[in-house]
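# Descriptive analysis of the structure
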Amino acid sequence: MDNMEKIVKELNKYYYGVMVFTLGVLTYYYYAYTHAMFEPWDRFSTLGMVMQYVVIFLALITIPGGLYGFKYLCDKKIVSTLKSPEDLTPDKLELYKKMAAFRILLVSCSMPLGIIFYYLFGCYKSMLWVAAIAAIGWYFTKPTIGKMQKELTPKDPNQENY
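Computed from a prediction, not measured in an experiment: that's the story for all the values here. (Residues numbered from 1 in each chain as written. Predicted model: local features only at pLDDT ≥ 70, side-chain atom pairs only at ≥ 80, totals over all residues. Heavy atoms only, no water.)

On to the pattern of salt bridges. The full count for this structure, using the stated rule, is four salt bridges. In this structure, Lys-97 and Glu-10 form a salt bridge, with 2.9 Å as the shortest nitrogen-oxygen distance. Taken as a pair, Lys-97 in helix α3 (residues 90-108) and Glu-10 in helix α1 (residues 3-34) lie far apart in primary sequence, 87 residues in all. For the salt bridge of Lys-97 with Glu-94, the shortest nitrogen-to-oxygen distance reads 3.3 Å. Taken as a pair, Lys-97 and Glu-94 lie in helix α3 at a separation of three residues, close to a single helical turn. What emerges from the salt-bridge pattern is a single network uniting Glu-10, Glu-94 and Lys-97. (Salt bridge = Lys/Arg side-chain N within 4 Å of Asp/Glu carboxyl O. Helix = DSSP H or I, 4+ residues; strand = E, 2+ residues; numbered from the N terminus.)

What follows is about the packing of aromatic side chains. Counted by the stated rule, this structure contains 15 aromatic pairs. Ring centres of Tyr-15 and Trp-138 lie 4.2 Å apart, and the angle between their planes is 5°; this geometry places the pair in the stacked category. Residue Tyr-15 is found in helix α1, and its partner Trp-138 is found in helix α5 (residues 125-139); the two are separated by 123 residues along the sequence. By relative accessible area, which is 3% here, Tyr-15 ends up buried. Residues Tyr-118 and Tyr-119 carry aromatic rings whose centres are separated by 4.9 Å and whose planes lie at 75° to one another, so their mutual orientation is edge-to-face. An aromatic cluster is built from Tyr-28, Tyr-29, Tyr-30, Tyr-33, Phe-38, Tyr-118 and Tyr-119, whose rings are joined through pairwise contacts. (Phe/Tyr/Trp six-rings, centres within 6.5 Å; stacked < 30°, edge-to-face > 60°. Buried < 20%, exposed > 50% of the residue type's maximum accessible area, 1.4 Å probe, protein only.)

Below, the discussion takes up the side chain of Asn-12. Here Asn-12 is to be found in helix α1. Judged by its relative accessible area of 18%, Asn-12 falls in the buried class. Non-local contacts of Asn-12, meaning those with residues more than four positions away in its chain, are made with Gly-17, Lys-142 and Pro-143. (Contact = heavy atoms within 4.5 Å.)

Among the nonpolar cores identified, the biggest contains 40 residues, and Cys-74, Ile-78, Tyr-96, Met-127, Met-148 and Leu-152 are the most heavily contacted of them. Looking at this core, the elements that each hand over two or more residues are α1, α2 (46-77), α3, α4 (110-120) and α5. Top contributing element to this core by residue count: α1, with eight residues. Dropping the residues within four chain positions of it, Ile-78 is found in contact with Leu-73, Leu-88, Lys-92, Leu-95, Tyr-96, Met-99 and Leu-152. (Core = buried A, V, L, I, M, F, W, Y, C linked by side-chain atoms within 4.5 Å.)

Examined against the element boundaries, Ile-63 turns out to sit in helix α2. Note on Ile-63: relative accessible area 9%, which makes it buried. Expressed as a C-alpha distance, the spacing of Ile-63 and Ile-136, which sit 73 residues apart in the sequence, is 9.4 Å. Those residues in contact with Ile-63, other than ones at most four positions away along the chain, are Val-107, Ile-133, Ala-134 and Gly-137.

This part is about the packing of α2 against α4. Direction vectors running N to C along α2 and α4 enclose 160°, while the axes themselves pass 10 Å from each other. On the basis of the axis angle, α2 is roughly antiparallel to α4. Relative to α4, the crossing made by α2 is left-handed. Contact with α2, carried on its side by Met-51, Val-55, Leu-58, Ala-59 and Thr-62, involves Ser-110, Leu-113, Gly-114 and Phe-117 of α4 and no other residues of that element. Classifying every residue of the contact of α2 with α4 gives six nonpolar, three polar and no charged. (Axes fitted to C-alpha atoms, helices over the stretch in contact; angles between N-to-C directions. Parallel < 35°, antiparallel > 145°, perpendicular 65-115°, else oblique. Left-handed = near helix turned anticlockwise from the far one by under 90°. Nonpolar A, V, L, I, M, F, W, Y, C, P; charged D, E, K, R; others polar.)

See the structure below:
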């Protein structure tokens, strides 16, 4: 098994770990809400409004920041130093793995938060939408060998970029 397959397998642990964690959060808060283990917060109170803004702004910053920021850093720190795909060293692959793991965690952090606050606010649908948008962003972080090869392929400076 070559290095890329090992890296994809390791990144899949992060990817599916986030899924299991989010499902655990969902299960716990669903059970707690349906069994009246806590009193739902008032979403129109000052604290409720502030928490809504925090969760929404966190999603607005982390999802595009994680997706585009990874692409930018990957291009700047790894791809720009390559002349051909054979120039990939184990150090560069390790840097890619760290950045890709951080991307998965950063993009998906709004998913469990949206679910938590959905139930804390008494099934407030806006928080569920935040979790859904984070889940869509999380889907685009799915590690595959093809995606990794595409992200690590040096760009041709003469080719038009649309």
